[in-house]
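Report on the structure
What follows is the residue order along each chain.
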Amino acid sequence: MVLEAILLGLSTGTYCTMYCTPVLIPFLFGCEKSSHKRNAGLTGAFLCGRLAMYFVLGAVFAALGLLANEYANPVLSRRLSLYAYIFCGLSLLLNSLGVKFPWGCKDGCHSPKLRHLGNDWVTALATGLSVGLHICPPLWTAMFRSVFAGRGLYGFFYFIFFYIGTLPFFIPLLGIPFVAKKMPFIKRVSRVTQFCVSLYFLIFVGLIPFFFG
């Protein structure tokens, strides 16, 4: 069962990167302080937030009996994705305005409140939690299997090993500080990109579909 869980994660990890890289790459490249240790810590905070949200969703879905069907409810998945885009976009926007405004203000926004909310560590955790709301078919399958594979720790470890199977796809992110030092201009490009991505997530694939979709 452990092998099955790891292989499920490995074979479907591209789904994870599809949702995570538009958030992580501009965010990590645009960080004010760039080091291998800090980059690994921020990536870890993001991944822990994502895992925590998966556990919350799994517990809620199991309690509500929504995992009785092996196939994800597309309406529910779409609704959760809207929340994910809104909260993720808001987190990235606060980070852009509060810590690293992309157009020349050296110390970022002068509002202490925004600077606190836009802290890189807060952003990493908040965006991880937000991205965890995207319920893709592999994740739903892992939830289903972990709930019905057995009780207690058996199902818990099934889900953990599934998650471990998705992690190799994030290893390239550990090389971001090396690339950023070799090409400093990427930092400014990434900050502008993050600002644009935050508005796109928040407005165009978040709020507009939420109210008018």
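An account of the accompanying structure is given in this report. All values derive from a computational prediction rather than experimental measurement. (Residues numbered from 1 in each chain as written. Predicted model: local features only at pLDDT ≥ 70, side-chain atom pairs only at ≥ 80, totals over all residues. Heavy atoms only, no water.)

1. So, the nonpolar core
This is how the line gets drawn: By nonpolar core we mean a set of buried residues, namely Ala, Val, Leu, Ile, Met, Phe, Trp, Tyr and Cys, connected to one another through side-chain atoms within 4.5 Å. The rule is simple: take the accessible area with a 1.4 Å probe, protein chains only, and divide by the maximum for that residue type; under 20% is buried, over 50% is exposed, in between is partly exposed. A run of H or I in DSSP becomes a helix once it reaches four residues, and a run of E becomes a strand once it reaches two; helices and strands are each numbered from the N terminus. Contacts are assigned to residue pairs with any non-hydrogen atoms lying within 4.5 Å of each other.
One finds Phe 61, Ile 135, Leu 139, Met 143 and Phe 159 to be the most contacted residues of the largest nonpolar core, which totals 46 residues. Elements that contribute at least two residues to this core include exactly helix 1 (2–29), helix 2 (36–64), helix 3 (74–98), helix 5 (120–131), helix 6 (137–148), helix 7 (153–166), helix 8 (176–182) and helix 9 (185–212). If we skip the residues at most four places from it in the chain, Leu 139 touches Tyr 54, His 134, Phe 159 and Phe 162.

2. Considerations on the state of the cysteines
This is how the line gets drawn: What counts as a disulfide here is a pair of cysteine sulfur atoms lying within 2.5 Å.
Summed over all chains, the structure comprises 0 disulfides. Cysteine Cys 16 remains unbridged, with the sulfur of Cys 136 as its closest cysteine sulfur at 5.7 Å. Exposure remark for Cys 16: the relative accessible area of 7% places this residue in the buried category.

3. A few points about the pattern of salt bridges
Selection rule: When a carboxyl oxygen of Asp or Glu is within 4 Å of a side-chain nitrogen of Lys or Arg, the pair counts as a salt bridge.
Taken as a whole and judged by the stated rule, the model has 2 salt bridges. Among the ionic pairs, Glu 4 bridges to Arg 145, the shortest N-O distance being 2.9 Å. Here Arg 145 lies in helix 6 and Glu 4 lies in helix 1, a separation of 141 residues in the sequence. Residue class for Glu 4 comes out partly exposed when judged on its relative accessible area of 34%.

4. Quick look at helix 7
Short version of the rule: Helix span, expected: 1.5 Å multiplied by one less than the number of residues in the helix.
The first and last C-alpha atoms of helix 7 sit 20 Å apart over 14 residues, in line with the 20 Å expected at 1.5 Å per residue. Among all positions in helix 7, only Gly 155, Tyr 158, Phe 159, Ile 160, Phe 162, Tyr 163, Gly 165 and Thr 166 are buried. Among the structural elements, helix 1, helix 2 and helix 6 are those in contact with the buried residues of helix 7.

5. Quick look at the environment of Leu 3
Secondary-structure assignment places Leu 3 in helix 1. Along the chain, Leu 3 and Gly 165 lie 162 residues apart, while their C-alpha atoms are 9.5 Å from each other.

6. A look at a nonpolar patch on the surface
What counts here: In this scheme, patches are assembled from residues that exceed 30% relative accessible area and form no salt bridge. Like charges are connected within 9 Å, while nonpolar side chains (Val, Leu, Ile, Met, Phe, Trp, Tyr) are connected within 5 Å. To measure how exposed things are, a 1.4 Å probe is used in the Shrake-Rupley method; for residues, cover is taken only from the protein chains shown.
Taken together, Tyr 200, Ile 203, Phe 204, Leu 207, Ile 208, Phe 211 and Phe 212 make up a surface patch of nonpolar side chains, about 750 Å² in accessible area. One can find Tyr 200 in helix 9.

7. Side note on the packing of helix 1 against helix 9
Each pair of packed helices can be summarised by the angle the axes make with each other and by the distance between the axes. Convention followed: Note on definitions: angles span 0 to 180 degrees between N-to-C directions of axes, and those axes are lines fitted to C-alpha atoms, for helices only across the stretch in contact. Each crossing gets its hand from how the near helix is turned against the far one by less than a right angle, where anticlockwise is left-handed and clockwise is right-handed. Polar here means any residue outside two lists: the nonpolar Ala, Val, Leu, Ile, Met, Phe, Trp, Tyr, Cys and Pro, and the charged Asp, Glu, Lys and Arg; Gly therefore counts as polar.
Remark: helix 1 packs on helix 9, axes separated minimally by 7 Å, with the N-to-C direction vectors making an angle of 140°. Crossing hand, helix 1 versus helix 9: left-handed. Residue-level contacts link Pro 22, Val 23, Pro 26, Phe 27 and Phe 29 of helix 1 to Ile 186, Lys 187, Ser 190, Thr 193, Gln 194, Val 197 and Phe 201 of helix 9. Tallied by class, residues from the contact of helix 1 with helix 9 come to 8 nonpolar, 3 polar and 1 charged.

Everything listed here is a matter of geometry and, on its own, says nothing about what the molecule does.
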